[in-house]
Amino acid sequence: MAHTPTPLQPLRRLHAERGGPLIWLKRDDMTGSILSGNKVRKLEFIAAKAKSGGFTALITCGGMQSNHCRATAFVAAQLGLKCHLILRGEPADKSMAEGNLLLNRLSGCSISFHSTAEYNAHLPDLFAAAESRLQDQGFPALKIPTGGSNGDGIWGYIAASEELCSDFRHHHIQPRSLVVATGSGGTQAGLIAGMSHFVPQLSVYGVNVCDDAAYFHHKIEKDFDEWHNQYRDHAKQLDSSNVLTEKINIIEGYVGDGYGLVSHDVLKMMQKLSRLEGVVFDPVYTGKAFHGLLAEIDKGRFKDERDLVFVHTGGLFGLFPYADQLATIV
Ligand SMILES: *Cc1c(COP(=O)(O)O)cnc(C)c1O
């Protein structure tokens, strides 16, 4: 379902301007047009599980503009499965027709909206209610956690690590660091597990866009545990060392005012990269994380490195609800 391999492209004009390591973008914003972004890589494996397990519906959850929910809705539509989305927040009239939410409506999935308080307090109940409603209609449903980050989804970025390994050979580079935006942890978890097998000299860094480092250490450990328990033999082949949890590197300090809240500096950087390199980031994930990467380079964190990788995880549709804020800088 994902259009892979995606390109790996150097940001040469940015490098000429700033010096420091040459940043290579792994263009996972190009995994598809509607399924674009990192989520489809996880969903390929999750959908396979749904198919093989006899499930005919998918249920998942996320914020109002969740890229994961939109990708899940279209994976379901492409496979002829039912889909229900549990969304956090209540749509203002305007956002009814914006970005990911607009696409969700086109996909034909059912949607329930819940206040943040209700969502945070009762998410398992909301899943159970949707599951029993679908069951009553004759559709056994697979429940997919936030971001598709679980023991199945992790395979998406293990496979992507193998792909990156061959990208590095093709471009004759040996990067020592890779940076990615971390929101529910599954992408980083997959990259840690995959890279420790395919490119062991490389360290994976996640710039968290919500919560904090302690939260993600715990969350990623939990994903590893689930993966180990479900796929013991495969996991052992990939990870003989069993020290994956020691390789969890979170770069903290770039959440700003909160998840989904974007600063003027991040928007300015996004505008700059659009003009300098023709690359568009999103305000919620990639823009924040890339801004964090540049700030860390300025502080000297990656100073002796020649080539460095940033995974562009997509999120374009999440840009559109920020039109008003962008208008103040463009
Ligand atoms: C979900 C998402 C991320 C974060 O990936 P996780 O696996 O949830 O940590 C990064 N970028 C974009 C655009 C996303 O939609």
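What counts and what doesn't
Residues numbered from 1 in each chain as written. Predicted model: local features only at pLDDT ≥ 70, side-chain atom pairs only at ≥ 80, totals over all residues. Heavy atoms only, no water. Helix = DSSP H or I, 4+ residues; strand = E, 2+ residues; numbered from the N terminus. Pairing = 2+ DSSP bridges. Axes fitted to C-alpha atoms, helices over the stretch in contact; angles between N-to-C directions. Contact = heavy atoms within 4.5 Å. Near = heavy atom within 4 Å. Areas by Shrake-Rupley, 256 points an atom, 1.4 Å probe, with all protein chains shown as cover. Core = buried A, V, L, I, M, F, W, Y, C linked by side-chain atoms within 4.5 Å. Buried < 20%, exposed > 50% of the residue type's maximum accessible area, 1.4 Å probe, protein only.

Participant: How would you summarise unusual backbone geometry if you had to cite specific residues and measurements?
Facilitator: Of note, the bond from T4 into P5 is cis; its omega dihedral lies within 30 degrees of zero at 0 degrees. Within the secondary structure, P5 is located in the segment before β1 (8-10). Of note, H172 is a non-glycine position whose phi angle comes to about 55 degrees, a positive value. Residue placement: H172 occurs in the loop between α6 (154-171) and β7 (177-182).

Participant: Can you tell me about the sheet that holds strand β9 (residues 249-251), naming the residues and giving the values?
Facilitator: Reading across the sheet, the six strands line up as β1-β2-β10-β7-β8-β9 and stay open at both edges, with mixed pairing between neighbours. Two strands lie at the open edges of the sheet, namely β1 and β9, each paired on one side alone. On average, adjacent strands in this sheet sit at an angle of 30 degrees to one another, irrespective of strand direction. Its contacts with the sheet put helix α11 (residues 286-298) on β2 (22-27), β7, β8 (203-208), β9 and β10 (307-312), and the angle it makes with β10 is roughly 165 degrees.

Participant: How would you summarise the site of the ligand if you had to cite specific residues and measurements?
Facilitator: For the ligand, the set of nearby residues contains 16 residues, the closest of which are K39, K42, S184, T187 and T313. For the ligand, the protein covers 98% of the area, taking 380 Å² as the surface of the free molecule. If you list the elements that add at least two residues to the shell around the ligand, you get α2 (39-52), β7 and α7 (186-198).

Participant: Residues and numbers for the nonpolar core, please.
Facilitator: Side chains of nonpolar character tend, in soluble globular proteins, to be buried together. Core analysis: the largest hydrophobic core is formed by 35 residues, its most contacted members being L164, F168, L178, L191, M195, F224 and W227. Only β2, α6, β7, α7, α8 (213-230), α9 (232-238) and β10 provide two or more residues apiece to this core. Apart from residues no more than four positions distant in its own chain, L164 is found in contact with L8, K26, L178, L191, M195 and V309. Counting 34 residues, the second largest nonpolar core, distinct from the first, contains V279, V284, F310 and L319.

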